[in-house]
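Okay, here's what each chain looks like letter by letter:
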Amino acid sequence: MSKPKIVVLGAGYAGLATTRRLTQKLMPEEADIVLVNKHNYHYESTWLHEVAAGTINHNQARVMLSDVVNPRRVDLIYDIVVEVKKDENTVVLENSELTYDYLVFALGFESNDFGIKGMGENALAIEDMDSSRFINEHMEYQFAKYKNEENPEEHSLNILVGGAGFTGVELVGELVERVPQLCNKYDIDPGKAHIINVEAAPSILPMFDEDLVEYAKKSLEDRGVEFRIGAPISECIPEGFVVGEDEELIKAGTIVWTGGVKGSSVLEKSGFELTKGKVNVQPDLRLEAEENIFVLGDCSWVWNHEEDQPYPPTAQLAVQEGDVTARNVKALLRNDPTDDFVFNDKGTVASLGMTDGIGSVFNNYKLQGKSAAAMKKVVDNQSLFMLGGPKLLLKKGKVRPF
Ligand code: FAD
Ligand code: NAD
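The name recorded for the protein chain in an unreviewed UniProt entry is NADH dehydrogenase, from Natribacillus halophilus. For the record of the protein chain, the UniProt heading Cofactor (unreviewed entry) holds the text "FAD".

Chemist: Can you explain the overall build of the protein chain? Please cite residues and give values.
Modeler: Broken down by element type, the protein chain carries ten helices and 27 strands. On C-alpha atoms alone, the protein chain measures out to a radius of gyration of 22 Å, which is about the 21 Å that the 2.2 N^0.38 rule sets for 402 residues. With the principal axes as the frame, the protein chain shows a C-alpha extent of 75 × 40 × 40 Å. Look at the contacts in the protein chain between residues 6 or more apart in sequence, and 66% of them connect residues 24 or more apart.

Chemist: Describe the UniProt feature "domain: FAD/NAD(P)-binding" (unreviewed entry) in the protein chain, with residues and values.
Modeler: Under the local residue numbering, the UniProt record ascribes the feature "domain: FAD/NAD(P)-binding" (unreviewed entry) to residues 5-322. For residues 5-322, helix accounts for 29% and strand for 27%, while the C-alpha atoms at its two ends are 17 Å apart.

Chemist: Describe the domain arrangement of the protein chain, naming the residues involved and giving the relevant values.
Modeler: When cut into domains, the protein chain gives domain 1 (5-38 + 79-111 + 261-344) and domain 2 (114-259 + 346-397). Computed over C-alpha atoms, the centres of domain 1 and domain 2 are 30 Å apart. If you look at the interface, domain 1 gives four residues, while domain 2 gives four residues. Partitioning the side of domain 1 that touches domain 2 into residue classes produces no nonpolar, three polar and one charged.

Chemist: How would you explain the confidence of the model for the protein chain if you had to name every residue and give the values?
Modeler: Overall, the prediction assigns the protein chain a mean pLDDT of 96, with 99% of residues at 70 or greater. In the predicted complex, the global pTM is 0.97; the interface-specific ipTM is 0.98.

Chemist: Explain the site of ligand 2 to me, using residue names and the numbers behind them.
Modeler: In the vicinity of ligand 2 lie 25 residues, with Gly163, Gly165, Phe166, Thr167 and Ala200 positioned nearest. Where the shell around ligand 2 is concerned, the elements lending two or more residues are helix H6 (166-185) and strand S25 (347-351). Per element, the largest residue contribution to the shell around ligand 2 is four residues, and it comes from H6. By residue class, the composition of the shell around ligand 2 is 13 nonpolar, ten polar and two charged. Per-domain counts for the shell around ligand 2 show at least three residues from each of domain 1 (5-38 + 79-111 + 261-344) and domain 2 (114-259 + 346-397).

Chemist: Lay out the nonpolar core in plain terms, naming residues and giving numbers.
Modeler: Of all hydrophobic cores here, the largest spans 61 residues; its most connected members are Leu160, Val172, Ala216, Val256 and Ile358. Looking at this core element by element, the count peaks at eight residues for H6. Residues Ile6, Ala106, Cys299 and Ala318 belong to the second largest nonpolar core, which totals 49 residues.

Chemist: Talk me through H6; I want residue IDs and the actual numbers.
Modeler: With 20 residues, H6 extends 29 Å from end C-alpha to end C-alpha; this agrees with the ideal 28 Å at 1.5 Å per step. At valine 176, H6 shows its maximal kink, close to 30°; a proline, proline 180, follows between one and four residues later. Counting buried residues in H6 gives 14 out of 20 residues, a clear majority hidden from the surface. Positive backbone phi, approximately 55°, marks aspartate 187, located one or two places after H6.

Chemist: Run through the site of ligand 1, naming residues and quoting values.
Modeler: Residues in close proximity to ligand 1 total 33 residues, the closest being Gly10, Gly12, Gly108, Gly297 and Thr314. Elements supplying a minimum of two residues to the shell around ligand 1: helix H1 (13-25), strand S2 (32-37), helix H2 (48-53), H6 and helix H9 (315-333). Looking at the shell around ligand 1 residue by residue, the class counts come to 15 nonpolar, 14 polar and four charged. Counting only domains with at least three residues in the shell around ligand 1, you end up with domain 1 (5-38 + 79-111 + 261-344) and domain 2 (114-259 + 346-397).

Chemist: How would you summarise unusual backbone geometry if you had to cite specific residues and measurements?
Modeler: Glycine aside, a negative phi is what most residues show, and trans is what most peptide bonds show. Positive phi, normally seen in glycine, also occurs at aspartate 308, with a value near 50°. You can see aspartate 308 is positioned in the loop between strand S23 (303-304) and strand S24 (309-310). Aspartate 308 gets classed as exposed once you count the C-beta atoms within 10 Å, which come to 7. A positive phi angle, near 60°, is found at asparagine 363, a position not held by glycine. Inspection of the secondary structure puts asparagine 363 in the loop between strand S26 (357-361) and strand S27 (365-368).

Chemist: A description of H9 should follow, citing residues and the corresponding values.
Modeler: With 19 residues, H9 ought to run about 27 Å at 1.5 Å a step, and its terminal C-alpha atoms sit 27 Å apart, in line with that. Of all the positions in H9, only Leu317, Ala318, Val319, Gln320, Glu321, Gly322, Val324, Thr325, Ala326, Asn328 and Val329 are classed as buried. Looking at the buried positions of H9, the neighbouring elements they touch are strand S1 (5-9), H1, strand S9 (102-105) and strand S21 (293-295). With its phi angle positive at about 60°, asparagine 335 sits one or two positions after the end of H9.

Chemist: Talk me through the environment of lysine 147; I want residue IDs and the actual numbers.
Modeler: Tracing the backbone through its elements, the reader meets lysine 147 in helix H5 (residues 129-148). Note on lysine 147: 13 C-beta atoms within 10 Å, which makes it partly exposed. Taking the C-alpha atoms as reference points, lysine 147 and tyrosine 186, 39 residues apart in sequence, are found 6.8 Å from one another.

Chemist: I'd like a rundown of the sheet that holds strand S5 (residues 74-78), residues and numbers included.
Modeler: Backbone-to-backbone hydrogen bonds pair the strands of a sheet. The strands run either parallel or antiparallel. Read across the open sheet, the five strands follow the order S5-S2-S1-S9-S21; overall the sheet is parallel. Lying at the two open borders of the sheet, with one neighbouring strand each, are S5 and S21. Looking at each pair of strands side by side, their axes are set apart by 15° on average, direction ignored. Looking at chain direction, S2 and S5 are connected through five bridges and run parallel. Residue pairing in the sheet places leucine 35 in a bridge with leucine 76 of S5.

Criteria and thresholds
Residues numbered from 1 in each chain as written. Chains lettered and ligands numbered in written order. Predicted model: local features only at pLDDT ≥ 70, side-chain atom pairs only at ≥ 80, totals over all residues. UniProt positions renumbered as here; feature names shortened; annotations may be inferred. Helix = DSSP H or I, 4+ residues; strand = E, 2+ residues; numbered from the N terminus. Rg over C-alpha atoms; globule rule 2.2 N^0.38 Å. Contact = placed C-beta atoms within 7 Å. Domains from an automatic or database assignment. Nonpolar A, V, L, I, M, F, W, Y, C, P; charged D, E, K, R; others polar. pLDDT = per-residue confidence, 0-100. Near = placed C-beta within 6 Å. Core = buried A, V, L, I, M, F, W, Y, C linked by C-beta atoms within 7 Å. Buried ≥ 20, exposed ≤ 12 C-beta atoms within 10 Å, placed from the backbone. Expected span 1.5 Å × (residues − 1). Bend = angle between axes of the 7 residues up to and from the residue. Pairing = 2+ DSSP bridges. Axes fitted to C-alpha atoms, helices over the stretch in contact; angles between N-to-C directions.

Shown next, in the form of structure tokens:
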């Protein structure tokens with residue numbers, strides 16, 4: 001008799017955690033496990049703002065999948081998922097098709113431009129390793145070009161970041177360190193380059209308490225960031241953002257949109273029922289209509305009953321969902337009841353560059369400054385350690401001096 005086939009789509013936090021746990025929980029004769037991913041590497045999505053700013057080398061933020069998944073237990077397929085045909089239990093890849101008995105859908109996030117005119121065409125976005133590397137290369141090109149032109153446009157050295165949520169502010173925190181390096185490298189007066197962060201809401205980082213937000217804003221302003229708060233972006237043209245009621249045009253040579261994310265577009269292509277760009281799942285993380293499909297990480301909403309709203313999409317949520325999914329797939333294979341997902345919230349930290357940050361951890365214990373930056377590195381290093389033990393930590397860990 002053939003073995004049941006478990007197909008995991010995506011080797012981000014959720015998909016990789018599920019796959020690795022499945023290999024620990026199941027005997028080889030119990031099921032075939034297949035992991036499909038676009039690339040032959042896993043990247044730390046939580047480090048992508050550093051790749052985009054160029055404050056770390058992109059190789060530090062990625063790990064070969066064959067080094068962290070046992071290829072004897074898992075069939076690794078490097079291909080692009082095009083569509084899931086739920087009625088046929090089939091996944092269409094760019095180069096082949098796969099059937100499944102159980103599917104774990106974990107294809108992560110894409111940038112959400114909320115239909116803002118010109119945003120998709122004219123702004124760059126942090127979506128994966130390649131798009132983040134592109135931002136870094138584009139920004140550096142602007143500096144090299146400026147220096148090489150007879151009458152360069154002054155605004156070409158401006159870097160415009162749209163949205164001051166987590167991603168926008170963390171990116172700006174890296175940029176304040178990177179831009180002086182670029183000015184130095186291309187012999188440009190540092191006063192000519194400007195970092196401008198535009199936010200529609202009345203505050204940056206609304207998820208943090210006011211005192212931490214004030215700290216973050218002042219710290220970044222002191223290092224040269226210009227915030228435009230309460231300034232909704234209504235359009236993006238090749239020269240910059242159109243902002244506010246008076247439709248002011250803020251010009252820049254590098255334009256990055258960090259205004260929000262949604263689940264993979266494969267969800268929509270496959271006819272999944274979407275709520276604000278993601279699917280709602282049952283407490284055990286399965287779809288109500290298709291009980292052999294789990295949807296994890298940034299592709300699903302999981303309800304937080306205490307706060308009567310979904311949990312925000314984060315890496316720590318995605319990893320914990322992977323753990324319970326592996327347990328639940330095993331339960332289904334053995335005809336046991338599944339477990340409901342319970343989130344263990346360890347807190348949140350936002351970096352403001354290499355040596356600064358803010359955070360709220362261990363039941364609202366507040367951190368700011370170097371202690372928050374150190375905590376962020378502990379979290380980043382822990383993620384590497386979980387994947388590849390001390391060897392990977394030594395090779396790629398963050399050990400910057402304070
Ligand atoms: P992802 O990590 O996005 O993984 C998806 C995987 O699927 C990727 O490997 C991708 O290549 C692959 N894939 C996508 N489409 C296809 C396709 N069609 N075919 C094949 N493969 C495909 N969260 C925190 O908790 N803490 C943080 O400090 C933090 N910092 C962040 C910083 C930044 C700059 C960003 C952008 C996000 C940050 N987050 C943070 C959020 C966190 O990164 C996401 O919530 C998390 O990555 C979601 O995990 P996932 O497994 O759902 O998806
Ligand atoms: P977000 O939704 O958290 O923030 C987007 C920001 O853009 C918001 O402040 C929003 O008001 C603003 N915005 C939206 N439309 C706008 C417009 N037209 N004009 C101006 N501003 C506009 O998105 P994100 O920062 O990409 O984060 C996505 C998720 O990833 C979050 O839920 C977060 O939990 C997670 N994340 C976590 C960390 C961390 O824990 N350190 C870091 C990055 C991302």
